[in-house]
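Remarks on the overall topology
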Amino acid sequence: MEKRVLIAVVLSIAVMYAYSYLVPQPPKPVSGQQAAQLQPATAAPAPVPVGTQKEMPAPSPQLVPAGAATQAAQDVTVETDLYRAVFSTKGGALKRLVLKRYKETAGPQGKDVAMVAEDNAAVYPLRSNLEGFPVDAGTVFSVTASSLSVAKGEKKVLDFTLTSPTGVVFLKSYTFSGDSYAIDLVQKVTNTGSAPQSGTVQLLLTNHAAPPKDGGGRFEVFGPATLTAEGVSFDKIKELDKGEKAYQKGVLWTGFADKYFLGAALAVNNSIQSVRLKTVGGYIENVIGSAQLTARPGESLTVPVRLYFGPKDLDILKSQGSRLEEAIDLGWFSAIAKPLLFTLKFFHRYLGNYGLAIIVITVILKILFFPLTHKSYKSMKEMQKLQPKMQELKEKHKDDRDAMNKAVMELYQTHKVNPLGGCLPMVVQIPVFFALYKALMFSIELRHAPFYFWIHDLAGKDPYYVTPIIMGVTMFIQQKMTPSQMDPVQAKMMLALPVVFTFMFLNFPSGLVLYWLVNNVLTIAQQTYINKSLKEA
């Protein structure tokens, strides 16, 4: 944790020093004679449907005043039930985006989660760059509205338009849905000139390279993620510091994620042809490029993408398409972790409490694995009974290892004991335990979800460390009840494990501690029952 804080401080200082180099100088004013030759911009041509190209008659040039580059930028606010976004006419880019249903901290005093909060216009997310086309997309655009309110069930469009002196009209058309975190963006190039124009359309996503100091566990995961035909890649920022990373094969989406939230651009009809990731002055810059485009006179070309700024909720991500749910890194056992996460949400719908849902899942898993656990425990008991005879054989053949191994195997065969019988059933359960661990550790559903009494956030640690201490006690009891084949010295060393686990779990999410505690209690009850049944037998 101290290392993370130190890195954050160093990078923050680097950002301050790099600020002066990142902010572009104001463009030189155009002479009055040139300005007099230009006419005010008229309405932008109607948007072409997403992913299409359309021939159109060449209209008369629609030019903005040459001094538009020096005009003051205007903020445009978009309100939905899910978020509040502030766009800037400077580049038609995103300046701020706040999620209304998620708080930075638990409790009524918590502020809304700000996914984007940028004051430096040079690094606004969703800036555009038209490489090859004679358009400066970093200047001030004209806009169709000063604000927009989108109610549930509604869809509304916000257009930013820029026309170059050479007759190229660039349109950024955002479509907002009142009940979705998705934003559809169409970048459209219209050639109103007399000569063909060629180039690529790029969309720039930027994010701070250093996480905030007071992340509260949210920034345990922090960095870019990209899904291509070869699978999902989670790039480390320290690796990007050494050089940029490029993806050019079957890009489905690319974005930036922390533990609970994701900002991403999804390809529409293979619209993303390349992705370049690099660090620039304390920022991660994600350059999303289209294919090479050529617009003949009178032709319009569109590059559509779907934007997502919202929670890493498995159901919501899955509904976006493009396998966006793979942004949640559930590790090697994700095939098991995802069904467990769906099951957790299923029980929550009926119980109304994620803590109770965790308890129910723990009980179900314990019942499902009861036959394996019973077999494992029985095998360990039988091995424990043979321990004195095995010790005699080791003493008898201490100078002849082969003879000792042969005698031990004969002992196993005589008493019909499988030495691996106590281990294999437990090995089968390990993937499930790891999968549930991942599901609980990175589930946004547990974030700020209360249980009972003093636990008000199942994704945060127990503020009074009560559950980790009880968990350690139950682990100690469980270990004392478990049959052991170890010598007394090893057995004493193993008894230190509950202490080690208790300290490990002090800062773990209380939802995960709850699972482990309930699992220990059920295991104690199970071992008590098995001991009794074996004694009666």
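This structure is a prediction, so every number in the text was calculated from the model and none was measured.

Definitions and limits used
Residues numbered from 1 in each chain as written. Predicted model: local features only at pLDDT ≥ 70, side-chain atom pairs only at ≥ 80, totals over all residues. Heavy atoms only, no water. Axes fitted to C-alpha atoms, helices over the stretch in contact; angles between N-to-C directions. Helix = DSSP H or I, 4+ residues; strand = E, 2+ residues; numbered from the N terminus. Parallel < 35°, antiparallel > 145°, perpendicular 65-115°, else oblique. Left-handed = near helix turned anticlockwise from the far one by under 90°. Contact = heavy atoms within 4.5 Å. Nonpolar A, V, L, I, M, F, W, Y, C, P; charged D, E, K, R; others polar. Phe/Tyr/Trp six-rings, centres within 6.5 Å; stacked < 30°, edge-to-face > 60°. Buried < 20%, exposed > 50% of the residue type's maximum accessible area, 1.4 Å probe, protein only. Polar contact = N/O pair within 3.5 Å; in protein donor to acceptor, adjacent residues only side chain to side chain.

**As for the packing of helix α5 (residues 334-351) against helix α6 (residues 354-368)**
Put simply, α5 and α6 touch, their axes get as near as 8 Å, and they point 125 degrees apart. Compared by their axis directions, α5 and α6 come out oblique. Judged by the twist between their axes, the crossing of α5 over α6 is right-handed. Residues Leu340, Thr343, Leu344, Lys345, Phe347, His348 and Leu351 of α5 pack against Tyr354, Leu356, Ala357, Ile358, Val360, Ile361 and Ile364 of α6. Considering only residue class, the contact of α5 with α6 consists of eleven nonpolar, two polar and one charged.

**Focus on the packing of aromatic side chains**
When we look at a pair of aromatic rings, we describe it by the centre distance and by the angle of the planes. One pass over the full model with this rule turns up 23 aromatic pairs. Consider the rings of Phe87 and Phe176, whose centres lie 5.7 Å apart with planes at 65 degrees: the pair is edge-to-face. Of this pair, Phe87 sits in strand β3 (residues 83-88) while Phe176 sits in strand β10 (residues 168-177); the two residues are 89 residues apart in sequence, bridging distant segments of the chain. Here Phe87 and Phe176 have matching classes, each one buried. Arranged with centres 5.0 Å apart and planes meeting at 55 degrees, the rings of Phe451 and Tyr452 form a pair that is tilted.

**Thoughts on the side chain of Asp235**
By secondary structure assignment, the location of Asp235 is in the loop between β14 (231-234) and α3 (237-240). With relative accessibility at 11%, the residue Asp235 sits in the buried group. In this structure the side chain of Asp235 is engaged in a polar contact, spanning 3.1 Å, whose partner is the side chain of Lys245. Looking at Asp235, its side chain comes within polar contact range of the side chain of Tyr247, at 2.8 Å. Once residues lying within four places of it in the same chain are set aside, the contact partners of Asp235 are Gly223, Pro224, Lys245, Tyr247 and Leu277.

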